[in-house]
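Descriptive analysis of the structure
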Amino acid sequence: MAGIVVKPRARVFHGHDWVYASEIRKLFGEPKPGEVISLKDYRDRPLGTAIYNPDSQIVARRISRRKQKLDEEFFERRIGQAIALRERSGIDPRLARIIWSESDGLPGVVVDRYGDHLVLQTLTLAMYLNRELIVKVLVGMLNPESVILRNDSPMLSAEGIEEEITIMHGERPGPFVVEAPTADGGVKFEIDLLDGQKTGLYLDQLDAHREIAKLAKGKRVLDCFCNQGGFALACAKAGAASVTAVDSSEPAIEATLRNAELNGVEINAVKHNAFDFLKHCEDEYDIVILDPPSFTKNKKSLNNAMRGYKEIHLRGLKLLAKEGIMATYCCSHHATRELFLENIVSASVDAKRSLRMVASHGQRLDHPVLPAIPETEYLKGFVLQLMPSR
Ligand code: SAH
């Protein structure tokens with residue numbers, strides 16, 4: 001088998017599974033893009049099996065510490081383990097990310113389950129080339145009505161894979177309804193997996209919706225960056241006094257309004273840039289939720305991103321009523337937990353307010369964190385309450 005000899009200080013010696021171009025000492029054999037290769041140290045000792053793509057920044061991703069083929073048995077084992085993990089973890093395994101890439105030993109494979117429908121992404125060349133086999137195994141195990149390949153991530157071009165959305169199994173599904181369990185009898189969402197403007201839900205935030213809803217009874221809630229209304233709907237169902245939801249995307253606002261109707265609740269959904277909305281808002285709220293998209297995809301733009309967070313934190317705090325609560329989330333891996341907390345503190349200093357931490361949230365268990373692969377941890381959230389002035 002062809003392969004790579006890695007340099008002595010490469011990440012793989014510290015439990016990581018990636019090999020960057022700068023970590024390669026030499027190639028042996030003639031590895032081809034998308035192939036399975038061996039990894040070795042400079043004394044020719046085996047470090048495991050990886051998938052290879054010289055066009056990607058991450059040239060090799062280890063799939064096993066032993067010899068391993070990308071065959072049906074491999075996919076059955078890894079997919080079976082991933083599904084079993086969701087079934088054991090206390091979340092609804094029918095509304096979950098059932099495979100998440102490196103965290104499930106399947107680099108580049110992401111599968112979201114919405115009841116009887118599966119959405120697959122193949123974000124590495126080797127997994128893309130094996131997509132038929134992956135679908136075969138998924139169908140064998142879960143017998144879904146449909147499997148949609150939704151390869152429309154910006155990560156694809158880095159791997160030299162064409163963007164593509166196609167049905168790989170079953171019939172084209174129309175819009176359908178799923179229900180996320182909550183303390184208040186569940187929140188229904190309309191899902192339309194093939195509408196170009198939406199994908200499914202932000203499954204990683206379903207637990208957070210439920211946690212915030214527990215604080216919302218009788219409260220005035222503002223959900224900024226609401227997408228399809230996850231936080232807003234859960235709070236409205238929990239008996240919030242009023243719920244305002246803001247998003248800059250028209251389809252997101254339309255979806256929020258449709259979902260509100262579906263759940264029999266009232267939400268004041270506003271299409272607006274959240275920065276401007278927060279700046280000009282003159283109302284007072286008991287709970288302000290801030291869940292923006294990642295403001296930074298790399299280290300270079302981190303400072304700008306932190307300025308963005310600071311601005312929404314400061315403006316969010318100013319809208320809070322006495323003993324009000326701000327729930328703020330950051331889904332950028334590069335903005336660490338410490339940096340994000342520092343940012344919140346700095347905003348509270350400028351606002352001349354003191355905050356008490358009520359809860360700290362992370363990504364749901366269907367997005368497992370591997371501490372040896374820090375890139376697997378990205379979502380952090382803090383729920384903070386204004387302290388009485390003193
Ligand atoms: N809170 C949602 C997920 C939010 S995803 C949930 O829990 O399900 C981020 C959302 O921010 C997207 O819907 C996107 O349309 C929106 N968005 C991006 N930039 C924005 C801006 N400047 N103002 C308002 N919304 C914005």
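Everything below is about the structure printed above this text.
Report follows, based on the coordinates. This one's a predicted model, so the numbers in the text were calculated from it and none came from an experiment.

Thresholds, definitions, all that
- Residues numbered from 1 in each chain as written.
- Predicted model: local features only at pLDDT ≥ 70, side-chain atom pairs only at ≥ 80, totals over all residues.
- Heavy atoms only, no water.
- Near = heavy atom within 4 Å.
- Polar contact = N/O pair within 3.5 Å; in protein donor to acceptor, adjacent residues only side chain to side chain.
- Areas by Shrake-Rupley, 256 points an atom, 1.4 Å probe, with all protein chains shown as cover.
- Nonpolar A, V, L, I, M, F, W, Y, C, P; charged D, E, K, R; others polar.
- 1 Å grid on protein atoms, 1.4 Å probe; cavity = no way out; pocket = protein on both sides within 12 Å on 5 of 7 lines; lining within 4 Å.
- Points joined across faces, edges and corners; volume = space filled by probe spheres on them.
- Helix = DSSP H or I, 4+ residues; strand = E, 2+ residues; numbered from the N terminus.
- Buried < 20%, exposed > 50% of the residue type's maximum accessible area, 1.4 Å probe, protein only.
- Lys, Arg positive; Asp, Glu negative; His and termini not counted.
- Salt bridge = Lys/Arg side-chain N within 4 Å of Asp/Glu carboxyl O.
- Core = buried A, V, L, I, M, F, W, Y, C linked by side-chain atoms within 4.5 Å.
- Domains from an automatic or database assignment.
- Contact = heavy atoms within 4.5 Å.
- Axes fitted to C-alpha atoms, helices over the stretch in contact; angles between N-to-C directions.
- Parallel < 35°, antiparallel > 145°, perpendicular 65-115°, else oblique.
- Left-handed = near helix turned anticlockwise from the far one by under 90°.

1. Details of the site of the ligand
Surrounding the ligand, one finds 15 residues, the nearest of these being His209, Asn227, Asp247, Ala274 and Asp291. Separating a nitrogen atom of the ligand from a side-chain N or O atom of Asp291 is a distance of 2.7 Å. Contact with the protein chains hides 85% of the accessible area of the ligand, taken as 580 Å² for the molecule alone. Looking at the shell around the ligand residue by residue, the class counts come to six nonpolar, seven polar and two charged.

2. Things to note about the layout of surface pockets
Of the voids in this model, the second largest pocket is the one considered here, and its volume is about 240 Å³. Residue lining of the second largest pocket: 14 residues in total, with Asp17, Arg62, Ile63, Ser64 and Arg65 positioned closest to the centre. For the lining of the second largest pocket, a count of residues per class yields six nonpolar, three polar and five charged.

3. Details of the side chain of Asp204
Within the fold, Asp204 resides in the loop between strand 13 (187-191) and helix 5 (206-213). Buried and unpaired, Asp204 has no salt bridge, with Arg97 as the nearest side chain of opposite charge at 6.8 Å.

4. Focus: the nonpolar core
The nonpolar side chains of a soluble globular protein tend to be buried with one another. Counting residues in each nonpolar core, the largest one holds 42 residues, and the members touching the most others are Tyr114, Phe189, Ile212, Ile267 and Ile289. Counting only elements with at least two residues in this core, the list comes to strand 12 (176-180), strand 13, helix 5, helix 6 (230-237), strand 15 (242-247), helix 7 (250-263), strand 17 (285-290) and strand 18 (320-330). Counting the residues that make up this core, at least three belong to each of domain 2 (72-170) and domain 3 (176-386). Once residues within four sequence positions are removed from consideration, Ile267 is found in contact with Ala232, Leu233, Ala236, Val243, Ala245, Thr256, Leu257 and Ala260. One finds Ala274, Val288, Leu302 and Tyr309 within the second-largest nonpolar core, a separate group that totals 29 residues.

5. Here's the deal with the side chain of Ser103
Within the secondary structure layout, Ser103 lies in the loop between strand 7 (95-100) and strand 8 (109-114). At 2.6 Å, the side chain of Ser103 forms a polar contact with the backbone oxygen of Pro368. Ignoring any residue separated from it by four or fewer positions in sequence, one finds Ser103 in contact with Pro368, Leu370 and Thr376.

6. A closer look at the packing of helix 1 (residues 72-88) against helix 3 (residues 131-142)
Their axes nearest at 10 Å, the elements helix 1 and helix 3 cross at an angle of 50°. What the angle tells us is that helix 1 and helix 3 run oblique. Our pair here, helix 1 against helix 3, has a crossing hand that is right-handed. Residue-level inspection shows Glu72, Phe75, Glu76, Ile79, Gly80 and Ile83 of helix 1 in contact with helix 3, the latter providing Leu133, Ile134, Lys136, Val137, Leu138, Met141 and Leu142. Class assignment for the residues of the contact of helix 1 with helix 3 results in nine nonpolar, one polar and three charged.

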